[in-house]
Amino acid sequence: MAENRASVYTEGVPCWVDAQLPDVAAGRRFYGALFGWEFEQREPSYGRSVLARLDGEPVAALTPKTDGRMPTVWTVYFAAPDPAPLTGRVLAGGGQIVAPAAGVGGLGTAVLAADPEGAVFGLWQPAGRAGFGRRHEPGAFGWAQLYTRDTEAANAFYGSLFHDALFGPDARPDFGRAPVADVFPAEMPPHFLVHFVVERAGEALDAAVALGGRVQVPPFETSYGTVGVVVDDQGASFAVLER
C-alpha cells in the first residue's frame, strides 16, 4: 500500500505514536494480543523501549515511564522535517514546549509540546525512522482526535501550526477536533485520543476487556467511522476505529 509508506509524512501529518507505561512487558502482552503486534527491543541508546511491528513494519513504540508522576498515556507525533519553525509557531500561538528537542537513539528527534488548553502532542524529525510503516489498516494507526473545550480556538492554533496538512489543497487529514463534552464528562481535560483501526469495534472492545482493560466509552458513530474508547490494563486510554 503505497499511501502507507513513510515517504508521505510531510509537515503536520501524524506519523508516529508511543505509549508511556509503568510496565512495558505487560504492555507487550496486552497490545500484542489485541492488535497482533510483534515487538523488537531497541538498541541500548533507546533505553528499555520496544518497537511494535505489524507484518514486519513499525507501527508504535512502548516506552517505560521514568517518573511515576508522569501520566500513563498514548502520545501522537506530527511530522516535523524542521522542528525549529514549528516550535516557534507553538509558542507564538500560546502553546508551550513541554520537552525540548532530544535525540531518540539515532531514530530521530522528538519534541513534546502542549497547545493553549494543555493538550500534549509530539513533533518528530526523522533520521533512522521516518514514522509508521503501516497505517489505515487493522492493527495500525487510523486517526487522532483532539477533544478540546474550544474547537474554534483549536482550529486557529493547529491551522496556524499545520496549515497545509489540515487545510491545503492536497490535505487528507488524520486529525480532527471535537468538544470534550461530546464524548467525555465535561470536567475531562483537553487531550488527544489515538485511534487504532480494527475490523469490528465491538469485538475489539470485548477482547480488550478480556485482557484486563475496560471500556471507557461504548461504540458511537462519527464522521470517520465507529469508535469505542478503551483504557488498557495500566490506565492508558486509546480508541478503536471501525471503518
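The structure displayed is predicted, hence computed values, not measured ones. (Residues numbered from 1 in each chain as written. Predicted model: local features only at pLDDT ≥ 70, side-chain atom pairs only at ≥ 80, totals over all residues. Heavy atoms only, no water.)

Colleague: What's the story with the overall build of the protein chain in this structure? I'm lost.
Modeller: Each helix and strand in the protein chain was counted, giving five helices and 14 strands. Here the C-alpha atoms of the protein chain give a radius of gyration of 17 Å, agreeing with the 18 Å that 2.2 N^0.38 yields for 243 residues. Here the protein chain, with 243 residues, has 52% of them falling under the buried criterion. At a minimum sequence separation of 6, the contacts of the protein chain that also span at least 24 residues come to 63%. Accessible surface, the protein chain as shown: approximately 10600 Å² in total, 52% of it carbon and sulfur. (Helix = DSSP H or I, 4+ residues; strand = E, 2+ residues; numbered from the N terminus. Rg over C-alpha atoms; globule rule 2.2 N^0.38 Å. Buried < 20%, exposed > 50% of the residue type's maximum accessible area, 1.4 Å probe, protein only. Contact = heavy atoms within 4.5 Å. Areas by Shrake-Rupley, 256 points an atom, 1.4 Å probe, with all protein chains shown as cover.)

Colleague: Sorry if this is basic, but what is going on with the sheet that holds strand S10 (residues 175-179) here?
Modeller: Remark on secondary structure: sheet strands pair via backbone hydrogen bonds, oriented parallel or antiparallel. With mixed pairing, six strands are arranged side by side in an open sheet as S10-S9-S11-S14-S13-S12. Among the strands making up the open sheet, the edge pair consists of S10 and strand S12 (214-222). Averaged over all adjacent pairs, the angle separating strand axes in this sheet is 25°, with direction ignored. Both strand S13 (residues 225-231) and strand S14 (residues 237-242) contribute to a ladder of six bridges, which runs antiparallel. Paired with Val227 across the two strands is Leu241, which belongs to S14. Along the sheet, helix H1 (residues 24-35) makes contact with strand S11 (191-198) and S14, crossing S14 at roughly 5°. Packing against the sheet, helix H3 (residues 151-161) makes contact with strand S9 (141-148), S10 and S11, and its axis sits at approximately 155° to S10. (Pairing = 2+ DSSP bridges. Axes fitted to C-alpha atoms, helices over the stretch in contact; angles between N-to-C directions.)

Colleague: Explanation requested: the layout of surface pockets in the structure shown.
Modeller: Take a probe with the size of a water molecule and roll it over the atoms, and the empty space left behind shows itself. Roughly 1100 Å³ of internal volume is contained in the largest pocket. In this structure, the largest pocket is lined by 44 residues; those nearest its centre are Asp18, Gln20, Val73, Thr75 and Leu112. Only strand S1 (14-21), strand S4 (57-64), strand S5 (73-79), strand S6 (96-103), strand S7 (108-114), strand S8 (120-126) and S11 provide two or more residues apiece to the lining of the largest pocket. Of all the elements, S6 adds the most residues to the lining of the largest pocket, at five residues. Class assignment for the residues of the lining of the largest pocket results in 27 nonpolar, 14 polar and three charged. (1 Å grid on protein atoms, 1.4 Å probe; cavity = no way out; pocket = protein on both sides within 12 Å on 5 of 7 lines; lining within 4 Å. Points joined across faces, edges and corners; volume = space filled by probe spheres on them. Nonpolar A, V, L, I, M, F, W, Y, C, P; charged D, E, K, R; others polar.)

Colleague: How should the nonpolar core be read in this particular structure?
Modeller: In globular proteins that are soluble, nonpolar side chains generally tend to be buried together. Core analysis: the largest hydrophobic core is formed by 64 residues, its most contacted members being Tyr31, Trp37, Trp74, Phe121, Tyr158, Phe162 and Phe238. With 14 residues, the next largest nonpolar core counts Tyr147, Ala178, Leu193 and Val217 among its residues. (Core = buried A, V, L, I, M, F, W, Y, C linked by side-chain atoms within 4.5 Å.)

Colleague: Would you explain empty space enclosed by the protein in this entry?
Modeller: Overall, the coordinates contain one cavity of 30 Å³ or more when judged by the stated rule. Around the largest cavity, the lining residues are Gly12, Val13, Pro14, Phe78, Ala165, Leu166, Pro173, Asp174 and Phe175. Here the residues of the lining of the largest cavity sort into seven nonpolar, one polar and one charged.

Colleague: Explain the packing of helix H2 (residues 83-92) against H3 to me, please; I cannot follow it from the model alone.
Modeller: A pair of packed helices is captured by two measures, namely the crossing angle of their axes and the spacing between those axes. Interaxial distance between H2 and H3 falls to 9 Å at its minimum, and their mutual angle equals 155°. For the element pair H2 / H3, the angle class is roughly antiparallel. The element H2 and its partner H3 pack so that their crossing is right-handed. Where H2 approaches H3, its residues Leu86, Arg89 and Val90 are matched on the opposing element by Phe157, Ser160 and Leu161. Residue composition of the contact of H2 with H3, by class: four nonpolar, one polar and one charged. (Parallel < 35°, antiparallel > 145°, perpendicular 65-115°, else oblique. Left-handed = near helix turned anticlockwise from the far one by under 90°.)

Colleague: Which parts of the structure should I look at to understand the confidence of the model for the protein chain?
Modeller: A low pLDDT score tells you not to read the predicted coordinates there in detail. Averaged over the protein chain, the pLDDT score is 93; the fraction of residues at 70 or greater is 94%. Contacts from residues 1-7, a stretch scored under 50 in pLDDT, to residues over four places away or in other chains number 19 contacts. (pLDDT = per-residue confidence, 0-100.)

Colleague: Explanation requested: the pattern of salt bridges in the structure shown.
Modeller: Opposite charge on two side chains allows them to pair when their charged atoms are near. All chains considered together, the criterion is met by six salt bridges. Residue Asp67 pairs with Arg69 through a salt bridge whose shortest N-O separation is 2.8 Å. Where Glu199 meets Arg200, a salt bridge forms, and the shortest distance between an N and an O atom there is 3.8 Å. Judged by its relative accessible area of 58%, Glu199 falls in the exposed class. (Salt bridge = Lys/Arg side-chain N within 4 Å of Asp/Glu carboxyl O.)

Colleague: Explanation requested: H1 in the structure shown.
Modeller: Given 3.6 residues to a turn, an α-helix orients residues that are three or four positions apart in the same direction. The end-to-end C-alpha separation of H1 is 16 Å, in line with the 16 Å expected for twelve residues at 1.5 Å each. The opening residue of H1, the one whose side-chain oxygen lies 3.1 Å from the backbone nitrogen of Ala25, is Asp23. (Expected span 1.5 Å × (residues − 1). Polar contact = N/O pair within 3.5 Å; in protein donor to acceptor, adjacent residues only side chain to side chain.)

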